Amino acid sequence: MSHLAKILLYPIKSLDGAEVEKATIISSGALQCDREFAIFDEQNRFVNGKRHPKIHTLRAEFSLENRVVHLQIPGSNSPQVFHLDEERKRLEATFSDFFGFAVTLKQNTNMGFPDDTESPGATVISTATLIEVASWFPGVSVDEMRRRMRANIEIDGVPAFWEDRLFTADEETVSFQVGDVLFFGVNSCQRCVVPTRNSYLGAVYPNFQKIFVQKRQATMPSWVATSRFNHFYRLSVNTKVPTSEVGKTLQVGNKVQILPQ
């Protein structure tokens, strides 16, 4: 049976994720705590993996109940502990020292800081997709591919690229349900430079994007709406969530089904 196998939240955009058993839908349709914080430079630009590969070497472990992050700086002997609400300035100073320029940590509790602000719902991928894509890259494990793709919800009990059923050629949304939460699938997520890099060290996998595009096109199921692909460097699906679902909770183990269109 298709079911919700994992929920991953990324409390500080571009840092490590936190695997949780439950997640709540907030007013924008996003998941509570996901990309709630983001690091910005003095020009108000994101300090993220796209622009600063050094960020991959930071390790972060979150205790969301306690609103705490354990941050391991490369070269330090032990992690530093910060309260996300009460010690923001100290955390900003630590990030500024690490990057070598002044940064601020901003918060958005209504939507977080998603890449796609038009479709801020959870990003969706299947376990089988991650297994398939990892097989294209010798030396890259399934968990490493999961870390590179950074999707929020992972569906098991379905074939590889099942999530490509969640959008259509005519750009209509596809309704699907996870537990009692209604989602609208929108489109396949355009990838950036981040998946090409080792998620722990930032080292680039040679020809990653070229290999990915060739394999993605070659393994594309016949039923996929390929007209929605201006290129094949796309994976996982962006979603929207109607306001009727605000306050509802996703839980690992929830049944997943595509609704009649």
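Residues numbered from 1 in each chain as written. Predicted model: local features only at pLDDT ≥ 70, side-chain atom pairs only at ≥ 80, totals over all residues. Heavy atoms only, no water.

(A) Region of the structure containing the overall build of the protein chain. Helices and strands together make up the secondary structure of the protein chain, namely four helices and 15 strands. Rg of the C-alpha trace for the protein chain: 18 Å, near the compact-globule value of 18 Å for 261 residues, within the 12% margin. Expressed along its principal axes, the backbone C-alpha trace of the protein chain runs to roughly 50 × 45 × 30 Å. The burial tally for the protein chain puts 52% of its 261 residues in the buried class. For the protein chain, the exposed surface amounts to about 11,900 Å²; the carbon and sulfur share of it is 48%. In the protein chain, which carries 29 positive and 29 negative side-chain charges, the distance between the mean positions of the two groups comes to 5 Å. (Helix = DSSP H or I, 4+ residues; strand = E, 2+ residues; numbered from the N terminus. Rg over C-alpha atoms; globule rule 2.2 N^0.38 Å. Buried < 20%, exposed > 50% of the residue type's maximum accessible area, 1.4 Å probe, protein only. Areas by Shrake-Rupley, 256 points an atom, 1.4 Å probe, with all protein chains shown as cover. Lys, Arg positive; Asp, Glu negative; His and termini not counted. Charge placed at Lys NZ, Arg CZ, Asp CG, Glu CD.)

(B) Looking closely at empty space enclosed by the protein. Within the structure shown, the criterion is met by one cavity of 30 Å³ or more. In terms of lining, the largest cavity is formed by Lys6, Leu8, Ile125, Leu130, Arg146, Met149, Ala151, Asn152, Ile153 and Glu154. Counting only elements with at least two residues in the lining of the largest cavity, the list comes to strand 1 (3-9), helix 3 (142-149) and strand 10 (153-156). Taken together, the residues of the lining of the largest cavity break down into six nonpolar, one polar and three charged. (1 Å grid on protein atoms, 1.4 Å probe; cavity = no way out; pocket = protein on both sides within 12 Å on 5 of 7 lines; lining within 4 Å. Points joined across faces, edges and corners; volume = space filled by probe spheres on them. Nonpolar A, V, L, I, M, F, W, Y, C, P; charged D, E, K, R; others polar.)

(C) Seen up close, the layout of surface pockets. When its volume is computed, the largest pocket comes out at roughly 920 Å³. Every residue lining the largest pocket is counted, 49 residues in all, and those nearest its centre are Arg35, Asp115, Met149, Arg150 and Arg191. Secondary structure elements with two or more residues in the lining of the largest pocket: strand 1, strand 2 (18-20), helix 3, strand 12 (181-190) and strand 13 (234-240). Looking at the lining of the largest pocket, its residues break down into 17 nonpolar, 15 polar and 17 charged.

(D) Spotlight on the environment of Glu163. The topology assignment puts Glu163 in the loop between strand 10 and strand 11 (174-178). Apart from residues lying up to four places away in sequence, Glu163 is in contact with Val124, Ile125, Ser126, Thr129, Ser236 and Val237. Within the structure, the side chain of Glu163 is placed 3.2 Å from the side chain of Ser126, a separation counted as a polar contact. (Contact = heavy atoms within 4.5 Å. Polar contact = N/O pair within 3.5 Å; in protein donor to acceptor, adjacent residues only side chain to side chain.)

(E) Molecular detail of the sheet that holds strand 5 (residues 59-63). If you trace the three strands from one edge of the open sheet to the other, you get 5-6-7, paired in antiparallel fashion. Each edge of the sheet is formed by a strand with only one pairing partner; in this case those strands are strand 5 and strand 7 (80-83). On average, adjacent strands in this sheet sit at an angle of 25 degrees to one another, irrespective of strand direction. The pairing of strand 6 (residues 68-72) with strand 7 spans four bridges and is classified as antiparallel. Bridging across to strand 7, Val69 finds its partner in Phe82. Where helix 1 (residues 88-99) meets the sheet, it contacts strand 6 and strand 7, and its direction lies at approximately 140 degrees from that of strand 7. (Pairing = 2+ DSSP bridges. Axes fitted to C-alpha atoms, helices over the stretch in contact; angles between N-to-C directions.)

(F) Up close: the pattern of salt bridges. Inspection of every chain in the model, using the stated rule, returns 18 salt bridges. In this structure, the salt-bridge partner of Glu245 is Lys248, at a minimum N-O distance of 3.0 Å. According to the relative accessible area criterion, Glu245 is buried, its value standing at 5%. Three or more residues are tied together by salt bridges with common partners; here these are Glu36, Arg67, Asp85 and Arg88. (Salt bridge = Lys/Arg side-chain N within 4 Å of Asp/Glu carboxyl O.)

(G) Representation of the side chain of His83. In this fold, His83 is placed in strand 7. At 3.2 Å, the side chain of His83 forms a polar contact with the backbone nitrogen of Asp85. There is a polar contact of 3.2 Å between the side chain of His83 and the backbone nitrogen of Glu86. In this view, His83 contacts Asn66, Arg67, Val68 and Arg88; residues no more than four positions away in its chain are not counted.

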